[in-house]
Structure formats: structure tokens, C-alpha cells
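Coordinate inspection notes
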Amino acid sequence: MIFLGLAGNYSARDIFRHSFTLGSRKDYDALEAELVKRYGGKVETSSLTFSGRTAIAVALDSMVVARLLKKGDHVAINGFTCYAVVEAIKHVGLKPVYLDLEKIMENAILPNFSANALDAAASADPKLKAVIIQNTFGFPADIRAIEKVSKAHHLLMIEDLAHCAGRKYPDGREMGTVGDATCLSFGKGKAIDTILGGAVILRNPELSLPNSFDKSQLSRKQHTDGDAPRVSWYPLFGAIARGLTHLHLERFWLGLLLKLKWIERSGDTKIRYDKTITDWQAKLALRQVKLLKNSALREFYLVDNREECLKELKRHGAHLEEFWYETPIAPKRFYEKAKYKEADCPNAVFFAKHVVNLPTWYKTGRRKKQLAKAKTIVKSHELKGSAK
Ligand SMILES: Cc1ncc(COP(=O)(O)O)c(C=O)c1O
């Protein structure tokens, strides 16, 4: 069987490593230093964070503190994204502006907004002062043109690497080395995955960490206090869930873990300015950073009838139901809160209705073959004209 979710990206060795790695302050500092070296900032103006959304909130907050943004300003984001991004913007008292995805031709839609869409939004909206670029699934945005438009309209640029750490833009620059701030998520299924965590690197020398985020006071403890997920066991829980899929018992198992609050759903991750990741997570993340490759996190296809396609995949042992995203702002349970005007983003709405993902981490043996079979199935359902 192959999976998109349930820690399907973890091998048996990864699970063992995740559950039993020990770390120290040295590992924590080493990760911070490595990210600063990679993305080009300073240790004093960078930090590991509790989550990816915390990193985005801190980056925006730093821009408010530097008076480059003021409360109530607008931030352009991809019209197809995770509610985490919206939440971070709102947390700082700013407002998200959703940019529609780029349509190349009938049925052929890219997972990012175009520079033209950004230009039009900035021309029409004097409050638009910043833009977040996410390179959805690791698929590169048109960065050169976006940079040009951002300069012309004096927009601050944040690169959100949740999907794309390690990737390069077509012009050869690494993602995360272009904007004013770089944010990473180490959440479940991300390019760097320690189940929970993130990092912010303020690249623009005018920026400094806000006082509300006191880096020296962050708690690095694992909080297994009955009200926090068992981060160290999540990959093991995922492996058990994957095993139980054979007996159709995985929902029962996950329900039990949720009830016990031993796991949480990805969308429920919090913004916290008082906590950060643990030393052992930092050690694991550092290892992953060093192994990053310029390869996509997920492949994407637009299919005619997604329900049918997923059913057929499941019959052939491919559990790909946890595709990104089922609504333009996901998860679905937060969609209403996002106050998304569908009429403004018809391409993103269409994309969310038809997209399926294939994992990119099954590289050998039986699972590689299963992935190839899954690809054949997806392709047989593909919308005419949507092939990239
Ligand atoms: C595009 C994008 N950015 C940022 C985040 C934030 O990640 P986290 O869950 O670590 O807060 C996510 C998470 O789902 C995401 O998909």
C-alpha cells in the first residue's frame, strides 16, 4: 500500500529515529546556524519556532514593528493554500488578499498565482503591502516576474517554504533566498518534517524580531501534558494506522488518538510565541536540511471525477485521500472562516475541485511499482488538456 498522509513519508528507520533521538542545546543552535547560513540572515534576527504559522506571524510582526507594515494592511497570498497562512496574517492584525491561480489554457492551471495577478491586485489596492510566495507542492512560482512587480509596488516579500525547502527556482536561486523573510514549517508531510515546528529567518537588515517574541525565553520542552500531541510517537501512530488500513480499522485508531489528545489534526496546530521545538526535533530537522534535494514534495494532476479516481486508487492499494487541498483554503472545516470570495478566484476553485496528488517519496521496490500503477490510474482520469 502507498499513502499520502499518516506519516507515509516515514520509513521504519525514520520512525525509530524519530521516537528515540536525543538532542541537546547544541543541536538546537546548530540547526539555527545552518538555516541562517543557507538562507542568508543573522542568528539574532532568526529563530526556530513552534510551528510554520508562528514563523509567518513573527515575520509579519517584525515588519509591523519596523513600520514597514501597519495594522490593517493587506497581504497577498496564493488563492489555494492552508488556513495556517490566513491565521498567521490575521494574528498580526493584517488582512489576506487571495490571488487566483494562473490559468495557461482551458483545464491547465498552475498551483501558484501569476505576477500579472499580483500586479493587478497591487495596482487596485493601495493597502496591499506584502506578498507571501509558497511555491505550492514545490512547483516554482514565476519568481523573477513576481520580484519585479514587488519592487515596482514596494511590496515586502515573504517566502513560505512549507512545501518547497530545498527547491530551486528556474533561474538557479534556491527558494528562500530571494525575499525579505523566509519561513519554514516542519509540520506533518512538509519538506522538512518533524511533525511540528518551524523557523523564521529575517533576511532584510531593516527587520528585527519583535519584542513580543523573546527568543531567549522560548520553552524547548516537549509538552506531553494531556493537552498536547505526542509528537515523538506520531510516526509510530501513523505506521499503526497504515497497518490497520488492511482491516479498515484506521479511523477507529485515529479517532481514539484524537480523543486522548495524543495527536492533533494538522490544521489545528497553534501559533505560539512562548514555545519552540525540542532539541531532539532540531537534531532531526538538521539532518533533513542537510539531505534536502531539489525535488518536488508532491506531484499534482487535475482529474475529471476525483471521487471515482480516489476509489479506483484505493482498490489498488493507493490511499491518496489526503491530497492538498480539498477546498481553496483548507482544511474544509476552516473554509468559511477564511471569508473567501469564490467569484474572485475561479481557477483556484476549479483546481481544488479536481486536484489529486501523488507522493514523491517511494523510490524503491514494491512501493515504487505501486506508485507507478497509481500514476497510470490517475492519468487515465486526467482532465483533457491539463497535463503540465
Ligand atoms: C503553504 C503552507 N504554509 C504554511 C503552513 C504552516 O504550517 P504549520 O502547520 O507548521 O503551522 C502550512 C501548513 O499546513 C502550509 O501548507
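Above this text is the structure in question.
The following refers to the structure shown.

About the thresholds
- Residues numbered from 1 in each chain as written.
- Predicted model: local features only at pLDDT ≥ 70, side-chain atom pairs only at ≥ 80, totals over all residues.
- Heavy atoms only, no water.
- Helix = DSSP H or I, 4+ residues; strand = E, 2+ residues; numbered from the N terminus.
- Rg over C-alpha atoms; globule rule 2.2 N^0.38 Å.
- Contact = heavy atoms within 4.5 Å.
- Areas by Shrake-Rupley, 256 points an atom, 1.4 Å probe, with all protein chains shown as cover.
- Buried < 20%, exposed > 50% of the residue type's maximum accessible area, 1.4 Å probe, protein only.
- Pairing = 2+ DSSP bridges.
- Near = heavy atom within 4 Å.
- Polar contact = N/O pair within 3.5 Å; in protein donor to acceptor, adjacent residues only side chain to side chain.
- Nonpolar A, V, L, I, M, F, W, Y, C, P; charged D, E, K, R; others polar.
- Core = buried A, V, L, I, M, F, W, Y, C linked by side-chain atoms within 4.5 Å.
- Domains from an automatic or database assignment.

Another aspect to go through is the overall build of the protein. Along its length, the protein carries 12 helices and 15 strands. Relative to the 2.2 N^0.38 estimate, which gives 21 Å for 388 residues, the radius of gyration of the protein is 20 Å and therefore close to what a compact globule would have. Principal-axis analysis of the C-alpha atoms gives the protein an extent of 55 × 55 × 40 Å. Contacts in the protein between residues far apart in sequence, at least 24 positions, make up 75% of those at least 6 positions apart. In the form shown here, the protein has an accessible surface area of approximately 17,500 Å², with 54% of it arising from carbon and sulfur atoms.

Attention shifts here to the pairing of strand β5 (residues 95-99). Most of β5 sits out of view: four of its five residues are buried. Sheet topology places strand β3 (residues 74-78) next to β5; five bridges connect them, and they run parallel. Bridge assignment links A76 to a residue of β5, and that residue is V97.

Attention now goes to the site of the ligand. Neighbouring the ligand are 16 residues, the closest being G52, R53, D160, S185 and K190. Within the contact set of the ligand, an oxygen atom lies 3.3 Å away from a side-chain nitrogen or oxygen of H163. In isolation the ligand has 390 Å² of accessible area, and contact with the protein removes 95% of it. Among the secondary structure elements, those contributing two or more residues to the shell around the ligand are α3 (52-65), β4 (81-82) and α4 (83-91). When the residues that make up the shell around the ligand are grouped by side-chain class, the tally is five nonpolar, eight polar and three charged.

With respect to the helices, strands and loops of the structure, S386 is situated in the segment after α12 (365-381). The exposure class of S386 is buried, given its relative accessible area of 7%. Remark: the alpha-carbon pair of S386 and L128, spanning 258 residues in sequence, is separated by 32 Å. In contact with S386, not counting residues within four places along its chain, are N107, A108 and L302.

Position of S380 relative to the elements: it lies in helix α12. In sequence terms S380 and L313 are 67 residues apart; their C-alpha atoms lie 11 Å from each other. Within polar-contact distance, the side chain of S380 engages the backbone oxygen of I377 at 2.6 Å.

On to the nonpolar core, then. Counting residues in each nonpolar core, the largest one holds 130 residues, and the members touching the most others are L31, L35, L60, L118 and L184. In terms of residue count, the dominant contributor to this core is α3 (eight residues). Taken domain by domain, the makeup of this core includes at least three residues from each of domain 1 (20-217) and domain 2 (298-381). Discounting residues that sit within four places of it in the chain, L35 has contacts with G40, L48, L184, F186, A199, I201 and V289.

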